[in-house]
Amino acid sequence: MEYQNEIAKGTFLRRPNRFLAEVACGEECMQVHVKNTGRCRELLQEGAVVYLEKSNHPNRKTQYSLIAVCKGERLVNLDAQAPNAVAAEALAAGRITELGAVCRIRQEVRFGSSRFDLYYEAEGRKGFVEVKGVTLEEAGIAMFPDAPTKRGAKHLAELVSARQQGYEAAVLFLVQMQGVHAFCPNAKRDAVFAQALQDAAQAGVRILAYDCRVWERGLQMNHAVPVRL
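Note that this is a predicted model, so its numbers are computed, not measured. (Residues numbered from 1 in each chain as written. Predicted model: local features only at pLDDT ≥ 70, side-chain atom pairs only at ≥ 80, totals over all residues. Heavy atoms only, no water.)

Novice: Before we move on, could you go through the sheet that holds strand β10 (residues 136–138) and cite the residues and values that matter?
Specialist: The strand order β10-β11-β13 describes an open sheet built from 3 strands, whose pairing is mixed. Pairing within the sheet leaves two strands with one partner each, and these edge strands are β10 and β13 (182–185). Within this sheet the neighbouring strands show an average axis-to-axis angle of 35 degrees, counted without direction. As judged from the 4 bridges shared by strand β11 (residues 141–144) and β13, these two strands associate in the parallel manner. Along β13, the bridge assignment pairs Phe144 with Pro185. (Pairing = 2+ DSSP bridges. Helix = DSSP H or I, 4+ residues; strand = E, 2+ residues; numbered from the N terminus. Axes fitted to C-alpha atoms, helices over the stretch in contact; angles between N-to-C directions.)

Novice: Just give me the short version of the packing of aromatic side chains, but keep the residues and values in it.
Specialist: In total, this model carries 10 aromatic pairs according to the counting rule given. Arranged with centres 5.3 Å apart and planes meeting at 55 degrees, the rings of Phe111 and Phe128 form a pair that is tilted. Taken together, the residues span a long stretch of sequence, with Phe111 in strand β7 (residues 104–111) and Phe128 in strand β9 (residues 125–134) at a distance of 17 residues. Taken as a pair, Phe111 and Phe128 share a single burial class, namely buried. Taken together, a centroid distance of 5.8 Å and an interplanar angle of 75 degrees make the contact between Phe111 and Tyr167 edge-to-face. With Phe111 in strand β7 and Tyr167 in the loop between α2 (150–164) and β12 (168–175), the pair connects residues that are 56 residues apart, well separated along the chain. (Phe/Tyr/Trp six-rings, centres within 6.5 Å; stacked < 30°, edge-to-face > 60°. Buried < 20%, exposed > 50% of the residue type's maximum accessible area, 1.4 Å probe, protein only.)

Novice: Please set out the side chain of Ser114 residue by residue, giving values where relevant.
Specialist: In this structure, Ser114 sits in strand β8 (residues 114–122). What makes Ser114 buried here is its relative accessible area of 2%. Those residues in contact with Ser114 that lie beyond four places of it in its chain are Val109, Lys154, His155 and Glu158. (Contact = heavy atoms within 4.5 Å.)

Novice: Could you give an account of the environment of Leu208, naming the residues involved and the relevant values?
Specialist: Structurally, Leu208 is set in strand β14 (residues 206–215). Between the C-alpha atoms of Leu208 and Ile96, which are 112 residues apart in sequence, the distance is 9.0 Å. Non-local contacts of Leu208, meaning those with residues more than four positions away in its chain, are made with Ile96, Glu98, Leu99, Ala170, Val171, Leu172, Phe173 and Val227.

Interpretation in functional terms is not warranted from these geometric data alone.
In structure tokens form, the structure reads like this:
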């Protein structure tokens, strides 16, 4: 996935609320839209180098959106909308090897009381994939979530239900950075989600994690990452 609009480089100053950040670009200080409502406190530190995508809507209140941040030498994509597009691209190309080749893909498909990010069909099988973007990393371990998520646990329960009804089911943790050693649920932040993930695995839901190659104007799914439940 590659951004098509102009990309600018800036310095993060502060985040007055979930949706806005103040960024210095040259001598100008401006407010930009943050494309991730998660906490991201370990990433959005004063002085961090950030990358911004310019909007093509001239009447929008904020001219730019914050899409990536440097954490040391590692570039982390923060765009919460990107993982679905990246996962759909990878699934269509057959690069999610655990799911094999598929012949039909649809996005945002309703099942029960949820909408799953991806639905696929192949010869004699059908399945759902729920995609979770991961931006939290500590000591080389990627973790999800960075804040409690009732919605995430609900999605896992629905995947279990789909599995029981004969569908294949998977949750894909797309780590929006490169070079992590493993993925694990963040039980300290959300013990309920961590337990729901273990329950889903025991019920036959595939638990997958992949890192991404990230550059200033895009990201691409890279390698499978070991999952530790």
